[in-house]
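Geometric and topological summary
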Amino acid sequence: LIFEMSSFEELFINSNNNNTNEYCIHCRVECPKPALRCGRCKVVHYCSRECQKEDFKMHKSWCKQIDKLRKNNEPIQQNEDNDNKEIMTRTKENQYQLAHVILELAYRCTDTIDRGKSIYDCALMEFWKLFQMDSCYIGVCESIVLLSSMLEYDDFSISFIYYMLNYH
C-alpha cells in the first residue's frame, strides 16, 4: 500500500458525499436532508429549529469553546515581540485543543459512533491538520489511527500506519 498525503482529504470528501446520515445531537433521530448545522461551531446537526433551541443550553459552552479555538487559529501578525517558533508553538497547541474539544463533544454528546460520526469526522480532520503542521506532535498520530479505525476507514488506517513505520 502506498500512502499519499492527500488520501485523507479524498477519504474525508468521499465519506461525506456517500449518503452519510446526520443525526440530531439533541433528540438523536436521523436529520432530514439537508441537516441543519450549528452556524457558529459548524460541528453539530439538528433535525429542527426547536431541537436547536432546546439544546442550546447544553451546546452553548461547547460551541463557544470551538468558535474561540478556531478564531485563535487565524493567522497571527508577526511583530518584534514574537517570533515564528513561538507563533507555531501556540498554533499547534491551539490546534490540538480544538481537535480534542471536538472529540470530547462527540464522546459526551452522542450515544453511538454511528450517530456521532460527523462530529468524530470533524475531530479527525482537525487532528489531520495538526499532523500536517507537525507529524511528531505528541498524540497526533495515535489519535489519527484510533479515530480512523473507529470510523472504519480501514484502508486509510493501514496506509497511515505503513507510512509512519516506513517513512517517518
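A brief structural summary. (Residues numbered from 1 in each chain as written. Predicted model: local features only at pLDDT ≥ 70, side-chain atom pairs only at ≥ 80, totals over all residues. Heavy atoms only, no water.)

1. Re the state of the cysteines
Under the criterion given, the structure shown has 0 disulfides. Cys-27 provides the cysteine sulfur closest to Cys-24, a residue in no disulfide bond, and the two sulfurs are 3.7 Å apart. Cys-38 provides the cysteine sulfur closest to Cys-63, a residue in no disulfide bond, and the two sulfurs are 3.6 Å apart. (Disulfide = S-S within 2.5 Å.)

2. What about helix H4 (residues 117-133)?
The terminal C-alpha atoms of H4, which comprises 17 residues, lie 24 Å apart, in line with the 24 Å expected from a rise of 1.5 Å per residue. Of all 17 residues in H4, 14 are buried; the element is thus mostly enclosed. (Helix = DSSP H or I, 4+ residues; strand = E, 2+ residues; numbered from the N terminus. Expected span 1.5 Å × (residues − 1). Buried < 20%, exposed > 50% of the residue type's maximum accessible area, 1.4 Å probe, protein only.)

3. Observations regarding the nonpolar core
With 40 residues, the main nonpolar core has Val-43, Val-44, Leu-105, Phe-131 and Ile-144 as its most contacted residues. Mapped onto this core, the elements with two or more residues apiece are helix H2 (49-72), helix H3 (84-109), H4, helix H5 (140-150) and helix H6 (154-167). Among the elements that take part in this core, H4 stands out by supplying 10 residues, more than any other. With sequence-adjacent residues up to four places away left out, Leu-105 is seen in contact with Ile-25, Val-43, Val-44, Trp-62, Ile-66, Thr-110 and Ile-119. (Core = buried A, V, L, I, M, F, W, Y, C linked by side-chain atoms within 4.5 Å. Contact = heavy atoms within 4.5 Å.)

4. Re the pattern of salt bridges
Overall, the coordinates contain 9 salt bridges when judged by the stated rule. Across the pair Arg-40 and Asp-67 runs a salt bridge whose closest N-O atoms are separated by 3.4 Å. Taken together, the positions of Arg-40 in the loop between strand S1 (36-37) and strand S2 (45-46) and Asp-67 in helix H2 put the pair 27 residues apart, joining distant regions of the chain. On the basis of relative accessibility, which here comes to 40%, the residue Arg-40 falls in the partly exposed class. Measuring nitrogen to oxygen at the nearest pair gives 3.7 Å for the salt bridge that ties Arg-70 to Glu-126. Remark: Glu-126 occurs in helix H4 and Arg-70 occurs in helix H2; sequence separation between them is 56 residues. With a relative accessible area of 5%, Glu-126 lands in the buried category. (Salt bridge = Lys/Arg side-chain N within 4 Å of Asp/Glu carboxyl O.)

5. A look at the packing of aromatic side chains
Evaluated as defined, the whole model comprises 7 aromatic pairs. Ring geometry for Tyr-96 against Phe-127: centres 6.0 Å apart, planes inclined by 70 degrees, an arrangement best described as edge-to-face. Within this pair, whereas Tyr-96 is found in helix H3, its partner Phe-127 is found in helix H4, the two being separated by 31 residues in sequence. Given the relative accessible area of 28%, Tyr-96 is considered partly exposed. (Phe/Tyr/Trp six-rings, centres within 6.5 Å; stacked < 30°, edge-to-face > 60°.)

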